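The lines below spell out each chain.
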Amino acid sequence: MTEIVKIKGLQKKFGKFQALSDVTFRVGAGEVVGFIGPNGAGKSTTIRALLGIIKRDAGKAEIFGKDVWKDSLEIHKRISYVPGDVALWGSLTGGEIIDLFMKLHGGGDKQKRDYLIKRFELDPKKKSKGYSKGNRQKVGLIAALSVDSDLYIFDEPTSGLDPLMEAVFQEEVEKIKEAGKSILLSSHILSEVERLADRVVIIRQGEIVESGTLDELRHLTRSAVTLATEKDVSKMETVEGVHDFMQKDNQATFSADNKYINDILMEATKLGVKKFEAVPPTLEDLFMRHYEG
Amino acid sequence: MKEKFARWDILFLQYLKRDWKKIIFWILGIGLFSGGFVPAFEEIAKGQGLIGMFETLQNPAMVSMVGPTPVETAADYTIGAMYAHEMLLFCGLFAMIMAVLHVIGHTRKEEDLGLTELVRSFQIGRQANSLAAMAEVVVINIILALFISALLIVFNVDTISFQGSFLFGASIGMAGVIGAVIGLVMAQIMPASSSATGSALGIVGLLYIARAGTDVSNVDFSMFNPLGWTYLTYPFTDNNWLPIIFALIFSVVMVILAFALEGGRDIGAGYLPEREGRENAKRSLLSVRGLFIKLNRGVTIGWLIGFGVMGAAYGSIYGDMQTFLESNEMMKQMFAQSGVSIEESFTGTIMMVMMVLVSILPIVVVNKLFAEESRQHLSQLYATKVTRGQFYWTTIGLAVIAGLIGTLLAAGGLGGTAISVMEDSAAMDISDFLAAGYNFLPSVLFFTALAALALGWAPKLGKVVYAYLGYSFILNYFDSILDLPEWFLKTAVQSWIPQMPTDSFDAPVFITITVISIVLMIVGYLGYNRRDMIEGA
Ligand SMILES: Nc1ncnc2c1ncn2[C@@H]1O[C@H](COP(=O)(O)OP(=O)(O)OP(=O)(O)O)[C@@H](O)[C@H]1O
Ligand SMILES: [Mg+2]
């Protein structure tokens, strides 16, 4: 698989503060990568370094095989970016700003623009001073989606959008995904990431702590299990891979390491299973573990 | 009524608490500047100093800068009279500008930033914020007035009387209050804080120029000018309290007007209407240059009009100069001896002053790029094929062009008006005026370059360039009065440039400063090209 984005050992300091200490991940061609992590973890900083807005201190960062700092211009012709807080010039209208952005990016599609303005229900004639947070975000999204790019970088693109508009965004992203484009999506809305992303990268305190497909990551975590047995269920507590064991009569709830799930089942059958329910971890659970841990 | 201002006192105390450092700085800064120069003036007054100074300040160029004195003969010109004559207008102006910035910063600017909405969601009256900000400025200016008075009294100079000292302090404090009410009214009328600040400062500038005209032609008319109410009190000589009373009435009326205007509008809105915008951008907007022109347009046009008006106002004084000479034998002889006409000498001095002001505009334009950067307006544009060089050089280009046009309007406005009011007695033609103006071009470029350097390497220092501009202005302003040592004077860039048409053009200096400026711009670019963009700082 060709690599569109390749980051290795990326570091960035702001004064004495180490914002990124070791960021390594990649985005393959046609792949959607979800980039998640707690506030202040370094998502936006990583993205800014990728865009050449800030200069990295160490490590490698390439897009399309080119250095993100030195060859930023070449790279920028083929990418689109939406920041999490789209700030607009109050004296210009949304329509004017979208046109300007398309022109400066190059390769814009007027019809696509008009189509998106309709879909996102934006009034392009309004001075942007009068836009709400969500409407400002729409301007940034429409601008970025109206131009043709090979890589789309979204930093919390839907912050402030209502659920309906969020759904529109997800549909549009699915379209570009089908068209074989690559996407780096940083977001706090995990359902969005779960729906769109092929792979997830988790960052904490400037370091990548986990990355892989959702299935792979699920495997590393625990499922919530409810078990009822004929014999005394308390024996299960000591089985390897069982945690947070709680018992009520002969019914127990616990969380189980996914990699021991087979062993746990074997032990349980010895006790005579009356009921066995396992709920796989949501991205939310997965996330909590990393955020808190 | 009461409800509108509910709990303003809480905000007021909060402001004092929040601003105390700024307040101390403000009072000490203006206070020491206004009251602390007594020893220097005692020094000047030694020997024939007072008589010499009296004659120098009869020159219309000086009157248009520092204002008039009620003293008619050199013999009556005391240290006190001189102090008030040279210091009062300038310090009053200072206090006024400070108050304008403070009031708009605490009212309209906070509103634009959304802070007012937050405050208002607590149990605080709709107009409590304005009242609190206004009260704060009044208190600050009262303390300032007392501080200045006390300072003057402490120096214990015979002719700096008790009453005069209080009047002097009160005049400056009153100037601050006038500035505050002008700011408060503009904050209601204009659609945003930047235009409120711009228009309020523009009004102060117009008042200053208008009084320059009336001071030279007929000082009685200056009594109709709010800025005139400061120095027309004539402390230590006439001790006239009447202007203070005018100022008080004026301020009360303006405050009532401002509150009425504020009561009738929504948060965040102004009285000048907003038009519906365009659905698609015009072609002219669709480039970095088009965008930057659009972003700078309002402010630039404002300043350019100001320069033209300033030039024209100073130009109108030329008509009275010969009349003035007829009535002043000593001056007449002085000019006859020096071989320089009174018009030429006036042109040289005024041009220097005007060109300092013209230099503000390019700095504004250059600093705008950093403002855009830190407001994150450019974030999405960084990710397009636009280079940093395009951002930087487009900005520098616009700044330089703004400086060139500003010079044209200031010098052309001065020359055009001067020639028309002098009629056939004109000894200079328009090219002399333009040459005198463009002679200062290197200094304009130098300030542009300093701003560019800051933009590239330490963008937060962009504002310091204004401070240096102010510093060089003060130096040149006081040079004609204080006779500063050469090395000290040369720390201001304009001091290197000869004042045409009195002095002759100095090509090496012109070229050297120009080249230095261009080099600084390139160095600035190197920094801009490699530094982190600062977002949200
Ligand atoms: N220009 C800067 N100067 C100093 N510190 C900075 C700067 N930019 C970011 N930081 C710091 O770097 C850290 C990472 O910030 P970043 O914006 O990348 O976080 P994030 O993961 O995007 O968080 P969020 O989810 O809140 O958007 C934070 O602690 C932030 O305060
Ligand atoms: Mg972020």
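Note that the coordinates shown come from a computational prediction; the quantities given were computed from them, not determined experimentally. (Residues numbered from 1 in each chain as written. Chains lettered and ligands numbered in written order. Predicted model: local features only at pLDDT ≥ 70, side-chain atom pairs only at ≥ 80, totals over all residues. Heavy atoms only, no water.)

Caption draft 1: Molecular detail of the overall build of chain B. Each helix and strand in chain B was counted, giving 23 helices and zero strands. Taking 2.2 N^0.38 as the reference for a compact globule, 537 residues should give roughly 24 Å; the C-alpha atoms of chain B span a radius of gyration of 24 Å, in line with that estimate. Residues counted as buried form 54% of the 537 residues belonging to chain B. In chain B, once contacts between residues fewer than 6 apart in sequence are set aside, the share between residues at least 24 apart is 79%. (Helix = DSSP H or I, 4+ residues; strand = E, 2+ residues; numbered from the N terminus. Rg over C-alpha atoms; globule rule 2.2 N^0.38 Å. Buried < 20%, exposed > 50% of the residue type's maximum accessible area, 1.4 Å probe, protein only. Contact = heavy atoms within 4.5 Å.)

Caption draft 2: Summary view of the overall build of chain A. Along the backbone of chain A there are 10 helices and 14 strands. With the principal axes as the frame, chain A shows a C-alpha extent of 75 × 40 × 35 Å. Relative to its full complement of 293 residues, chain A shows a buried share of 53%. For chain A, restricting intrachain contacts to residue pairs at least 6 apart in sequence, the fraction spanning at least 24 positions comes to 68%. Only carbon and sulfur atoms are counted for the fraction: they give 48% of the accessible area of chain A, which is about 12900 Å². In chain A, the 44 positive side-chain charges and the 45 negative ones have mean positions that sit 6 Å from each other. (Areas by Shrake-Rupley, 256 points an atom, 1.4 Å probe, with all protein chains shown as cover. Lys, Arg positive; Asp, Glu negative; His and termini not counted. Charge placed at Lys NZ, Arg CZ, Asp CG, Glu CD.)

Caption draft 3: Up close: the packing of helix 13 (residues 288-316) of chain B against helix 16 (residues 342-374) of chain B. Residues and elements named next belong to chain B. It is the contact of helix 13 with helix 16, at a shortest axis distance of 11 Å, that shows an interaxial angle of 170°. With respect to their mutual orientation, helix 13 and helix 16 come out roughly antiparallel. Contacts between helix 13 and helix 16 involve Phe292, Leu295, Asn296, Val299, Thr300, Trp303, Leu304, Phe307, Met310, Gly311 and Tyr314 from the first element and Phe346, Ile350, Met354, Leu357, Val358, Ile360, Leu361, Val364, Val365, Lys368, Leu369 and Glu372 from the second. Along the lines of polarity and charge, the residues of the contact of helix 13 with helix 16 split into 18 nonpolar, three polar and two charged. (Axes fitted to C-alpha atoms, helices over the stretch in contact; angles between N-to-C directions. Parallel < 35°, antiparallel > 145°, perpendicular 65-115°, else oblique. Nonpolar A, V, L, I, M, F, W, Y, C, P; charged D, E, K, R; others polar.)

Caption draft 4: Representation of the packing of aromatic side chains within the structure. Summed over the entire model, instances satisfying the criterion amount to 32 aromatic pairs over all chains. Look at Phe162 of chain B and Phe166 of chain B: their rings are 5.8 Å apart centre to centre, the planes differ by 65°, and that puts the pair in the edge-to-face class. Residue Phe162 of chain B and its partner Phe166 of chain B are both found in helix 9 (residues 162-189); the two are separated by four residues, about one turn of the helix. Classification of Phe166 of chain B as partly exposed rests on a relative accessible area of 34%. Clustering of aromatic rings is evident, with ring pairs tying together Phe33, Phe37, Phe90, Phe94 and Phe473 of chain B. For the cation-ring pair, Arg78 of chain A lies above Phe64 of chain A, with the distance from its terminal atom to the ring centre recorded as 3.8 Å. (Phe/Tyr/Trp six-rings, centres within 6.5 Å; stacked < 30°, edge-to-face > 60°. Lys NZ or Arg CZ within 6 Å of the ring centre and 35° of its normal.)

Caption draft 5: Inspection of the environment of Ala418 of chain B at higher detail. All names here are of chain B. Positionally, Ala418 belongs in helix 18 (residues 388-422). Considering only alpha carbons, one finds Ala418 and Tyr318, 100 residues apart in sequence, at a separation of 5.4 Å. With sequence-adjacent residues up to four places away left out, Ala418 is seen in contact with Gly315, Tyr318 and Phe433.

Caption draft 6: Inspection of the interface of chain A and chain B at higher detail. Between chain A and chain B, the residue contacts involve 41 residues of the former and 37 residues of the latter. Summed over both partners, the interface of chain A with chain B comes to about 3400 Å²; 58% of that surface belongs to carbon and sulfur atoms. If you sort the residues of chain A by the area they bury against chain B, Ile53, Trp89 and Leu104 of chain A come out on top, with a joint share of 21%. Our count for the contact surface shared by chain A and chain B stands at one salt bridge. A salt bridge links Asp532 of chain B to Lys12 of chain A, with the nearest nitrogen and oxygen atoms 2.6 Å apart. (Buried area = accessible area lost by both parts, 1.4 Å probe. Salt bridge = Lys/Arg side-chain N within 4 Å of Asp/Glu carboxyl O.)

Caption draft 7: Fine view of the nonpolar core. One finds Phe154 of chain A together with Phe168, Tyr314 and Phe391 of chain B to be the most contacted residues of the largest nonpolar core, which totals 238 residues. Residue contributions to this core peak at 18 residues, all from helix 16 of chain B. Sequence-distant contacts of Phe154 of chain A, defined by excluding residues within four places in its chain, comprise Ile47, Val82, Leu141, Leu145, Phe169, Val173, Ile176, Ile183, Leu184, Leu185 and Ser186 of chain A. Judged by nonpolar contacts, the second largest core, of 13 residues, contains Leu227, Phe254, Ile264 and Leu271 of chain A. (Core = buried A, V, L, I, M, F, W, Y, C linked by side-chain atoms within 4.5 Å.)

Caption draft 8: Main features of the packing of helix 3 (residues 94-105) of chain A against helix 5 (residues 133-146) of chain A. All names here are of chain A. The interhelical angle for the contact between helix 3 and helix 5, taken along N-to-C directions, is 35°, at an axis separation of 9 Å. The crossing of helix 3 and helix 5 is right-handed. Between helix 3 and helix 5, the residues in contact are Gly94, Ile97, Ile98, Phe101 and Met102 and Val139, Ile142, Ala143, Ala144 and Ser146, respectively. Partitioned by chemical class, the residues of the contact of helix 3 with helix 5 number eight nonpolar, two polar and no charged. (Left-handed = near helix turned anticlockwise from the far one by under 90°.)

Caption draft 9: Spotlight on the pairing of strand 12 (residues 242-248) of chain A. Residues and elements named next belong to chain A. By the bridge criterion, five bridges tie strand 12 to strand 13 (residues 251-257) in an arrangement that is antiparallel. Bridging from a neighbouring strand, Val242 pairs with Ala256 of strand 13. Connecting the antiparallel pair strand 12 and strand 13 is a turn made up of two residues, with Asp249 showing a positive phi of about 55°. (Pairing = 2+ DSSP bridges.)

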